[in-house]
Each structure stands twice: as structure tokens, then as C-alpha cells.
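So the chains spell out like this:
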Amino acid sequence: MTSFLIDGALAVDAGSITSALSIERQGAVRHILLSHAHMDHVASLPYLIENSFAAGASSISIYSTAPILANLRTHLFNNDIWPDFSQIPSELYPRLRFTEIEAGRVFTINGPPSGPVRVTAIPVSHSVPTVGFLIEQGPSQILFTSDTGPTERIWEAANAAPHLNLLITECSFPSRLQHIADLSRHLTPVTLLTELAKVKTNIPIALYHFKPPYIDEINAEIAATRFEHRVELLEQGRTYEL
Ligand SMILES: [Zn+2]
Ligand SMILES: [Zn+2]
């Protein structure tokens, strides 16, 4: 389940925030960039909202594009599966704020202790509306593709980014399950190789989103594949310094 935590306060996706962080640290998460509404990216949101208010925190802002926020409101915070916290305790002072962003347009999040973060959402090719994010602070840039099958726009963004430190992309299945990866719009090492050939700059690539039953198999296949970039598998629970 996917979550990245930047500087303690800004999360990218919310699949595992409550299982990874203490209640106190959950209370420091004030901003969430949401790439899409699949369960493995939103599963901890309902509990995070409850826990963070127990920790005395103010509202949490979720940023995403209109169709992704619509999925979240229709299917999760709909007063059936979970309360609509954008109306609780009141519409004026809600615990949860949905902030709609426009793909391709830079916006700024003030809040991380190390200073403002600039974010651009870029659509990718997954089975539901999904965006990746170019995340910038000072001279540093990270690109996160989120879940995607073969795609174009986000690789163009990678090629246009002047100071990219790290590109995080996915590899969900081993190549023997290529048909399942294609159906569900995910990558295997074979399609990852084709996709990374579109990235012209020599930046390190970090992989996430290995389906748990196939982690060892994907790892072995990645190790045996000759990528033009330096490719590593992200480790669960590890802190990376950029
Ligand atoms: Zn997904
Ligand atoms: Zn996913």
C-alpha cells in the first residue's frame, strides 16, 4: 500500500500512513497529494482523519484533480462507507478539505517545515483517473509517476525537468504476468524497460508498487534486466535524503 512522507508534513498518497506512523506523527501530516482513488492509495485516510484530530491537529487538506476527488467523495466519504468529514464538524470548519487542482498547472503547498513545495500534477495511463506529481523544493525535484501502464506525458515532463534528483515509478508484476499488467494498466520489467527508454536524462530510478506475492520474482527480473538508468527498488519504511 502506497504512501510517501515528505518532511513529516506532506504525504503523497495515503495507503499506509496509519500503519507506518505513530499517532503523534500522524498528527503532523497536514497535506496529502492524492494520485488516484484506488484502495491501496487511500486505505489509511479514514483512520488518519480520526487519529489526527485525537492528536489535536487542525484540518487535513487533500489535493487532487476533479475526477479523482469525485471518486473519493462518491465512494468513500459518502456517509455510507465513512462520514463525509468535509462537512464535519461544520462546512465552515471541516476536518477534511478537498482542494481541486488542475493538471499541468503549478501550485504551492505551504506547510512543510523546510519551506514551500511546488507541485504539478501530470496525467498518466492507469485503469482509473490518475496523476503523477512533479514535486519541487528549492533546486530539488522529484517525479512520482504513480500507478501507470505505458504512457507519454510524464516522461516528457521528466525530460523537461532541469534538476530532477529522483524518478519514482512502478513495477507491479513479473513479465510472465504481462497480460494481467496490461489489463490493469501496470508495468512489468519488460514494459518498464520500454518506458524508461523514453527518459533521456541520466537520473536514478526508484521502483515501488511490487505486488507482494511476486516481490522476489520482480527483484530477480529487475536485477537481470539491462536498464540504461540506475534502477533500485524502494524499501518499505526507509528514509531517503535528497
Ligand atoms: Zn492503482
Ligand atoms: Zn496502486
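First, a word on scope: everything that follows refers to the structure included in this document.

## Let's talk about the sheet that holds strand β4 (residues 60–64)
Consideration 1: Strand order in this open sheet of five strands is β1-β2-β3-β4-β5, and the pairing throughout is mixed. Looking along the sheet, the strands with just one partner apiece sit at the ends: β1 (4–6) and β5 (96–100). On average, each strand axis in the sheet is tilted by 25° relative to the strand beside it, whichever way the strands run.
Consideration 2: Pairing analysis gives five bridges linking β4 to β5, with the strands arranged parallel. Within β5, the residue paired with Ser61 across the bridge is Arg97.
Consideration 3: Seen against the sheet, helix α4 (residues 45–54) touches β3 (31–33), β4 and β5 and runs at an angle of roughly 150° to β4.
Consideration 4: Where helix α5 (residues 66–75) meets the sheet, its contacts fall on β4 and β5, and the angle it forms with β5 comes to roughly 150°.

## Description of the coordination of the zinc ion (ligand 1)
By definition of the ideal shapes, four donors in a tetrahedron about a metal sit 109.5 degrees apart, and six donors in an octahedron sit 90 or 180 degrees apart.
Consideration 1: Only His36 (NE2), His38 (ND1), His126 (NE2) and Asp147 (OD) from the protein reach the zinc ion (ligand 1) as donors, at distances of 2.1 to 2.5 Å.
Consideration 2: In this structure, the zinc ion (ligand 1) is coordinated by four donor atoms arranged in irregular fashion, with angles at the metal of 92 to 165°.
Consideration 3: One chain supplies every donor to the zinc ion (ligand 1), and in sequence these donors are spaced H-x1-H-x87-H-x20-D.

Basis of the calculations
Residues numbered from 1 in each chain as written. Chains lettered and ligands numbered in written order. Predicted model: local features only at pLDDT ≥ 70, side-chain atom pairs only at ≥ 80, totals over all residues. Heavy atoms only, no water. Pairing = 2+ DSSP bridges. Helix = DSSP H or I, 4+ residues; strand = E, 2+ residues; numbered from the N terminus. Axes fitted to C-alpha atoms, helices over the stretch in contact; angles between N-to-C directions. Contact = heavy atoms within 4.5 Å. Donors = N, O, S within 2.8 Å, 3.2 Å for Na, K, Ca; no water. Tetrahedral: all angles 85-135°; square planar, octahedral: opposite > 155°, others 65-115°.

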